[in-house]
Amino acid sequence: MASPSTPTGSGPSSAAHERVLILDFGSQVTQLIARRVREAHVYCEIHPNDVSDDFVRGFAPKAIILSGSHASTYEDQDLRAPAAVWQLGVPVLGICYGMFTMAVQQGGQVEASAKREFGYAEVEVHGRTRLLDGIADFAGPGGAPMLKVWMSHGDKVTALPPGFALMASTPSCPIAGMADEARGYYGVQFHPEVTHTVLGRQVIERFVLGIAGARADWVMRDHIEEAVALIREQVGDDEVVLGLSGGVDSSVAAALIHRAIGDRLTCVFVDHGLLRLDEGRMVMEMFAGRLLAKVVHVDASAQFFAALAGVSDPEAKRKIIGREFVDVFQREARKLGRARWLAQGTIYPDVVESGGAKTKKATSIKSHHNVGGLPETLGLRLLEPLRDLFKDEVRELGVALGLPREMVHRHPFPGPGLGVRMLGEIVPAHVKLLQRADAIFIDELRATVDPADGRNWYDKTSQAFAVFLPVKSVGVMGDGRTYDHVVALRAVLTSDFMTADVAELPYALLKKVAGRIINEVKGINRVTFDVTSKPPGTIEWE
């Protein structure tokens, strides 16, 4: 885990750009702030709120954004922005808790509110501040500019700090926004980073591009040259080994490293037997056949199935699949005696989620590992060329590198593969049934166009797949009785994968998919459709 005093994503590639510093106070949506800043083509990084003053100064930010939090300013006196934030003379935007700590640290007052606000709200804009001037969803009573926003708070600012003016309000929150135009300090009670705030993206763009004047030069097409130069500088004349899963992250990492060092990269593709239909063949055709990269293809399905026999607990299955992958990869990597680097498709959310503040006030969502323990056990140095990038940026980079769009924009696929889309024990024969059912579902999503916007349903959905259920049902096919397996179809819409809505697929499409699966996949006689949102459910079933 990176030290809070060390930039976790910083490197020569990012140092060439003007940067925005985002200080995380523990909000679950802090990453969305960074994504909105990156969408404005401005480089930014997220760091815990309790980084040192020296770190803030050394980061040399063009602007600073303070995130929300689960805490209250009057409950936790230590949850404050470093003093250097207010000493640098750069614009500062406080969001929700970020506004509260700005108010308290600048001499204002925050108290618990008698009426909490969670969800949709309409905010009245006051004055003509640089942040909100000209940004409005509709005109309210008397022509006042109004914003449709998303709120999530139980506290409120009750006294403005000296030098601040009222910028926004709601009936239950008289100070929903404040501004000190002279110093470029702005606080908003609502969350502009979430999609529920209709014009939130414009608010963040106004701050980083207009008020801070940051250069919009973070572009993936141009990033290739920087990334290639950095890889060559890091690796020198050494050789690199990469675990290729066929997923977007490892595929783009492989293409980028291959662009930099050519045949000094060897990809190890471990087929655990739980991939999508024909995925092994497609991966080999792309990397060995088209990119002419060195790929070692290991069919380890027998080893994985043997280790998983009789196991039905989801977490146990995940651990076994991870353990066996490490075992196979280690065995193959050791055959490549000249390799000095292990490459991984680590992306920026992995880096952020594995972090945490030294005081533990910032939340730590999960411990990060792509290929757990391999750098230590193999004695290899770690190469992570995508660690500065969000998933959408990785996809942009992949297209710019020449990877096929259908590969780069494939839906997310879990590391354990179909192992977590097969409830109960993993049986090789059942895996084949699931692969075929899933392929039919995806084929029909790609083939069916929504006349409302001309897009096919695969592109319209964020993630779609079939799930094998550990039950059988009675059916009738022809003149005979059947007693066969059941699959569930899952399709969701989401912008951040933190929450998700069910994709309302046309009934005709679902009916066609079900008909094809039942008629073409012998062993399945019933198809269901999962209509559970997230929350309360999760996107994957296990």
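Thresholds applied
Residues numbered from 1 in each chain as written. Predicted model: local features only at pLDDT ≥ 70, side-chain atom pairs only at ≥ 80, totals over all residues. Heavy atoms only, no water. Helix = DSSP H or I, 4+ residues; strand = E, 2+ residues; numbered from the N terminus. Rg over C-alpha atoms; globule rule 2.2 N^0.38 Å. Buried < 20%, exposed > 50% of the residue type's maximum accessible area, 1.4 Å probe, protein only. Contact = heavy atoms within 4.5 Å. Areas by Shrake-Rupley, 256 points an atom, 1.4 Å probe, with all protein chains shown as cover. Lys, Arg positive; Asp, Glu negative; His and termini not counted. Charge placed at Lys NZ, Arg CZ, Asp CG, Glu CD. Core = buried A, V, L, I, M, F, W, Y, C linked by side-chain atoms within 4.5 Å. Expected span 1.5 Å × (residues − 1). Phe/Tyr/Trp six-rings, centres within 6.5 Å; stacked < 30°, edge-to-face > 60°. Lys NZ or Arg CZ within 6 Å of the ring centre and 35° of its normal. Salt bridge = Lys/Arg side-chain N within 4 Å of Asp/Glu carboxyl O. Pairing = 2+ DSSP bridges. Axes fitted to C-alpha atoms, helices over the stretch in contact; angles between N-to-C directions. Left-handed = near helix turned anticlockwise from the far one by under 90°. Nonpolar A, V, L, I, M, F, W, Y, C, P; charged D, E, K, R; others polar. Parallel < 35°, antiparallel > 145°, perpendicular 65-115°, else oblique.

## Quick look at the overall build of the chain
- Looking only at helices and strands, the chain has 17 helices and 21 strands in total.
- The C-alpha radius of gyration of the chain comes to 26 Å, within 12% of the 24 Å expected for a compact globule of 542 residues.
- Projected onto the principal axes, the alpha-carbon positions of the chain cover approximately 80 × 60 × 40 Å.
- Relative to its 542 residues, the chain shows a buried fraction of 57%.
- Here the analysis covers contacts within the chain between residues at least 6 apart in sequence; of these, 75% occur between residues at least 24 apart.
- Of the roughly 22,600 Å² of accessible surface on the chain, 52% is carried by carbon and sulfur atoms.
- The chain carries 59 positive and 66 negative side-chain charges, and their two centres are separated by 3 Å.

## Quick word on the nonpolar core
- Core analysis: the largest hydrophobic core is formed by 47 residues, its most contacted members being Val241, Leu274, Phe329, Phe441, Leu445, Leu505 and Ile517.
- Looking at this core element by element, the count peaks at eight residues for helix α15 (residues 428-447).
- Excluding residues within four positions of it along the chain, isoleucine 517 makes contact with Ala437, Ile440, Val487, Leu489, Ile524 and Val527.
- If you look at the next biggest cluster of nonpolar residues, it comprises 43 residues, including Tyr186, Val188, Tyr348 and Val351.

## A few points about helix α6 (residues 220-235)
- For α6, with 16 residues, the first-to-last C-alpha span of 22 Å sits near the 22 Å given by 1.5 Å per residue.
- Those residues of α6 that fall on the buried side of the exposure criterion are Met220, His223, Ile224, Ala227, Val228, Leu230, Ile231 and Val235.
- One or two steps after α6, the chain reaches glycine 236, where phi turns positive at roughly 65 degrees.

## Here's the deal with the packing of aromatic side chains
- In the structure shown here, the tally under the stated rule is six aromatic pairs.
- Where phenylalanine 55 meets phenylalanine 59, the ring centres are 5.9 Å apart and the plane angle is 50 degrees; that geometry is what we call tilted. Pair noted here: phenylalanine 55 and phenylalanine 59 are both in helix α3 (residues 53-59), with a separation of four residues, about one helical turn. The same class applies to phenylalanine 55 and to phenylalanine 59, which are both buried.
- We note arginine 276 situated over the ring of phenylalanine 413; from NZ or CZ to the ring centre the distance is 4.1 Å.
- Above the plane of the ring of tyrosine 458 lies arginine 446, whose end atom (NZ or CZ) is 3.9 Å from the centre.

## Some remarks on the pattern of salt bridges
- Here the structure, examined in full by the defined rule, presents 31 salt bridges.
- The salt bridge involving arginine 410 is made with glutamate 279; its shortest N-O contact spans 2.9 Å. Note that arginine 410 is positioned in the loop between α14 (405-408) and α15 and glutamate 279 in helix α8 (residues 279-290), a separation of 131 residues in sequence. Both residues of the pair, arginine 410 and glutamate 279, count as buried.
- With a shortest N-O distance of 3.1 Å, arginine 331 and aspartate 327 are connected by a salt bridge. With arginine 331 and aspartate 327 both in helix α10 (residues 314-334), this residue pair falls four residues apart, about one helical turn.
- The structure contains a network of salt bridges with shared partners spanning Glu18, Lys62, Arg215 and Asp217.

## Things to note about the side chain of aspartate 438
- Relative to the assigned elements, aspartate 438 resides in helix α15.
- It is arginine 421 that comes nearest to the buried, bridge-free aspartate 438 among opposite-charge side chains, at 4.7 Å.
- Residues in contact with aspartate 438, not counting those within four places in the same chain, are Arg276, Phe465 and Ala466.

## Brief notes about the pairing of strand β14 (residues 339-343)
- Taking burial as the measure, the five residues of β14 include four buried ones, the bulk of the element.
- In the sheet, strand β11 (residues 239-244) pairs with β14 via four bridges, with the strands oriented parallel. By the bridge assignment for β14, glutamate 239 is matched with alanine 339.
- Alignment of β14 against strand β15 (residues 381-383), held across three bridges, turns out to be parallel. The residue of β15 that forms the bridge with leucine 342 is leucine 382.

## Considerations on the packing of α15 against helix α17 (residues 507-520)
- Contact pair α15 / α17: the axes reach a minimum separation of 9 Å and the direction vectors enclose 145 degrees. Handedness of the α15/α17 crossing: right-handed. The residues of α17 that touch α15, namely those facing Arg436, Ala437, Ile440, Phe441, Asp443, Glu444 and Leu445, are Leu509, Lys512, Val513, Arg516, Ile517 and Glu520.
- Taken together, the residues of the contact of α15 with α17 break down into seven nonpolar, no polar and six charged.

## Quick look at the packing of α6 against helix α13 (residues 391-400)
- Viewed as axis vectors pointing N to C, α6 and α13 meet at an angle of 80 degrees, and their least axial separation amounts to 9 Å. When the axes of α6 and α13 are compared, the pair comes out roughly perpendicular. Along the contact surface, α6 presents Met220, Arg221, His223 and Ile224, while α13 presents Glu393, Glu396, Leu397 and Ala400.
- Grouping the amino acids of the contact of α6 with α13 by side-chain chemistry returns four nonpolar, one polar and three charged.

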